[in-house]
Amino acid sequence: MIERSMPAIASPFVWTKQMLNALSNGVKRGSWYSLYDKVFSMSNLRDSCDRVLENKGSYGVDKVTVSRYESELSHNLKILKDELKDHSYQPHDIRRTYIPKAGTLEKRPLGIPTVRDRVAQTALLNVIEPIFDSEFSNSSFGFRKGFGCKDALRTVITELHSKRMFIVDADIKNYFDELDHEILMNLVKDKISDGNILNLIEMFLKQGIMDGLEYSEPESGSPQGGVISPLLANIYLNPLDKLLEQHNYHMIRYADDFLIMCESQNEAEEALNLVRDWMAKMKLRLHPQKTRIVDMTLAGNYFEFLGYHFEHTRRGRIRRWPRSKSITKLKDTVRYITRRNNPHSLGVICSLLIPHMKGWFQYFKHSNSYTFSGLDGFIRRRMRRILRKRIRKPGTGRIKSDHVKWSNAWFQSQGYVSLYSMYEAEVQSLRS
């Protein structure tokens with residue numbers, strides 16, 4: 001079980017010792033008030049701006065980039081403070097953009113607020129996040145300080161070792177787009193009674209959306225890309241976490257993807273029916289193709305969660321390795337860096353590859369060894385392809401003489417650090 005100290009979660013620019021004591025001991029009638037002045041305090045705005053600048057990100061509908069906003073920082077923060085203080089602040093529209101989903105032709109919609117609005121949302125987040133996070137279940141791992149994907153995956157392994165082998169593998173359809181604003185605001189009002197804070201949250205929920213030249217006003221949802229959207233999404237699903245805890249179900253949730261680990265088929269079916277009933281009341285829908293019960297006691301059965309593929313192998317053991325979309329995503333990155341017209345030297349190409357490979361390995365290092373050796377072969381073929389073009393020869397680098405001329409050891413001398421060598425180092429470290 002993961003435990004965190006509240007001072008590590010709460011912003012020191014907002015949360016005083018007295019407020020932290022109130023958070024631990026409870027507040028009058030269980031609801032917080034007189035919080036709004038904390039949002040527009042200059043120390044909070046400066047801290048929030050530092051976080052936004054550090055995250056960089058794209059511009060919004062006003063075309064103001066992070067660097068441009070930073071160039072007149074004091075002036076911009078003073079205007080923002082005054083607008084929040086005298087209640088004249090109005091958020092700009094959100095710029096809609098789309099990013100590809102790995103392994104599919106689909107695209108994921110993102111809503112990009114302006115830099116100014118991202119600063120305001122971060123300042124609001126600093127004030128309200130600890131209030132709600134202190135009530136969240138430890139089965140919720142997504143978008144929370146001190147929790148992460150690796151924690152969720154470790155919990156999955158623990159549950160499987162505890163013989164909970166019947167898995168409710170669930171996914172909520174269009175979750176971020178279908179959050180009901182009225183239900184969400186009622187959940188927020190359970191903890192916060194400051195009307196100015198509530199009005200600010202509602203303004204962010206009602207921000208207009210510019211999709212190219214088309215304008216729309218959302219009636220539901222909280223756009224992915226907004227600073228406060230992850231917190232609002234967790235607030236909405238927190239009652240589900242608590243409901244399943246009350247019924248002694250073992251849930252592992254990361255945002256809108258979740259598993260319920262059960263000991264029998266009947267228990268899994270009962271859990272899924274409970275979830276379906278709750279979803280209907282909350283105006284949400286389970287994805288019909290992505291929601292199922294998996295019997296992991298049978299060889300060949302599998303489920304996928306947070307980029308990993310878990311499968312009961314023929315040898316009677318449960319193994320995990322990167323799902324195909326996770327491998328495709330890495331290969332797409334490699335393909336771009338190792339395109340045949342890349343003008344850089346091989347040493348520079350290797351230096352560009354290494355950060356991506358190290359990050360990918362650190363997440364997927366618990367996979368089988370052949371996962372890494374296979375990818376190394378793919379990457380070296382891509383680089384041999386470049387080398388063949390530079391000596392004006394066609395082909396894909398699969399010719400036997402190429403493997404002799406540009407051997408694995410030769411690539412290592414050029415600065416290439418293979419995924420398999422990282423795996424061997426990790427295994428040796430564990431043995432030591």
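Anyway, here's the lowdown on the structure attached to this text.

Reading the values: rules and limits
- Residues numbered from 1 in each chain as written.
- Predicted model: local features only at pLDDT ≥ 70, side-chain atom pairs only at ≥ 80, totals over all residues.
- Heavy atoms only, no water.
- Helix = DSSP H or I, 4+ residues; strand = E, 2+ residues; numbered from the N terminus.
- Buried < 20%, exposed > 50% of the residue type's maximum accessible area, 1.4 Å probe, protein only.
- Phe/Tyr/Trp six-rings, centres within 6.5 Å; stacked < 30°, edge-to-face > 60°.
- Core = buried A, V, L, I, M, F, W, Y, C linked by side-chain atoms within 4.5 Å.
- Contact = heavy atoms within 4.5 Å.
- Pairing = 2+ DSSP bridges.
- Axes fitted to C-alpha atoms, helices over the stretch in contact; angles between N-to-C directions.
- Expected span 1.5 Å × (residues − 1).
- Bend = angle between axes of the 7 residues up to and from the residue.
- Arc of directions from axis to C-beta.
- Polar contact = N/O pair within 3.5 Å; in protein donor to acceptor, adjacent residues only side chain to side chain.
- Salt bridge = Lys/Arg side-chain N within 4 Å of Asp/Glu carboxyl O.

Our next topic: unusual backbone geometry. Positive phi is not limited to glycine here, since Lys63 has a value of about 65 degrees. Position of Lys63 among the secondary structure elements: in the loop between α4 (42-55) and α5 (66-71). Classification of Lys63 by relative accessible area gives exposed; the value is 53%. Unusually for a residue other than glycine, Phe143 sits at a positive phi of about 55 degrees. Following the sequence through the fold, Phe143 ends up in the loop between α7 (115-133) and α8 (149-161). Given the relative accessible area of 41%, Phe143 is considered partly exposed.

Attention now goes to the packing of aromatic side chains. If you walk through the whole model with that rule in mind, you get 18 aromatic pairs. On the basis of an interplanar angle of 70 degrees and a centroid distance of 5.6 Å, the ring pair of Phe141 and Phe147 is categorised as edge-to-face. Here Phe141 matches Phe147 in class, with each residue buried. Ring geometry for Tyr363 and Phe364: centres 4.8 Å apart, planes at 85 degrees, overall edge-to-face. An identical accessibility class is assigned to Tyr363 and Phe364; each is buried.

Counting 78 residues, the largest nonpolar core has Phe258 and Ile260 as its most contacted members. Element by element, the count of residues in this core is highest for α7, at 10 residues. Excluding residues within four positions of it along the chain, Ile260 makes contact with Phe166, Ile167, Val168, Leu244, Tyr249, His250, Met251, Ala271 and Val275. Core analysis: the next-biggest nonpolar cluster, separate from the first, contains 45 residues, Met261, Tyr308, Trp406 and Leu419 among them.

Spatially, the four strands line up as an open sheet ordered β2-β1-β4-β5, and their pairing is mixed. Only two strands of the sheet have a single partner each, and these edge strands are β2 (107-112) and β5 (214-216). Direction aside, the axes of adjacent strands within the sheet are offset by 35 degrees on average. Of the pairings in the sheet, the one linking strand β4 (residues 209-211) to β5 comprises three bridges and is antiparallel in character. Of the residues in β5, the one forming a bridge with Ile209 is Ser216.

On to the sheet that holds strand β3 (residues 166-171). Strand order in this open sheet of four strands is β6-β7-β3-β8, and the pairing throughout is antiparallel. Two strands lie at the open edges of the sheet, namely β6 (250-254) and β8 (292-295), each paired on one side alone. Here the strands of the sheet are splayed against their neighbours by 20 degrees on average, with no regard to which way each runs. Bridge analysis of β3 against strand β7 (residues 257-262) gives six bridges, and the strand direction is antiparallel. Within β7, the residue paired with Ala170 across the bridge is Phe258. Docked against the sheet, α8 engages β3, β6 and β7, running at close to 155 degrees with respect to β6. Those strands touched by helix α12 (residues 229-246) are β6 and β7, and its axis lies near 170 degrees from that of β6.

Here α7 spans 25 Å end to end across 19 residues, near enough to the 27 Å set by a 1.5 Å rise per residue. By the largest-angle criterion, Val127 marks the main kink of α7, which is about 40 degrees, and a proline, Pro130, follows within four residues. In terms of residue burial, α7 counts as a mostly covered element, since 19 of its 19 residues are buried.

Count 3.6 residues to each turn of an α-helix, and residues three or four apart come out pointing the same way. The first and last C-alpha atoms of helix α19 (residues 419-431) sit 19 Å apart over 13 residues, in line with the 18 Å expected at 1.5 Å per residue. Listed as buried for α19 are Leu419, Met422 and Tyr423. Viewed along the axis of α19, the buried residues span an arc of 100 degrees, placing them on a single side of the element.

You can see Ser222 is positioned in the loop between β5 and α12. Take Ser222: its relative accessible area is 3%, and that puts it in the buried class. Engagement of the side chain of Ser222 in a polar contact is seen with the side chain of Ser229, the distance being 2.7 Å. Setting aside anything within four residues of it in sequence, one finds Ser222 in contact with Phe176, Leu179, Leu205, Ser229 and Leu232.

Turning our eyes to something else, we now look at the pattern of salt bridges. A full pass over the atoms with the stated rule returns 16 salt bridges. Its salt-bridge partner being Glu83, residue Arg116 comes within 3.1 Å of it at the nearest N-O pair. Here the residue Arg116 occupies a position in helix α7, and Glu83 occupies one in helix α6 (residues 73-85), the gap between them amounting to 33 residues. Residue classification places Arg116 among the buried positions, given a relative accessible area of 14%. When its relative accessible area of 21% is taken as the criterion, Glu83 is described as partly exposed. The closest approach of N and O atoms between Glu426 and Lys365, which form a salt bridge, is 3.4 Å. In this pair, Glu426 is assigned in helix α19 and Lys365 in the loop between α15 (346-364) and α16 (369-390), connecting sequence segments 61 residues apart. Residue class for Glu426 comes out partly exposed when judged on its relative accessible area of 24%. Linked through salt bridges whose partners overlap, the residues forming this network are Glu83, Arg116 and Asp117.

On their own, these measurements won't tell you what the molecule is for.
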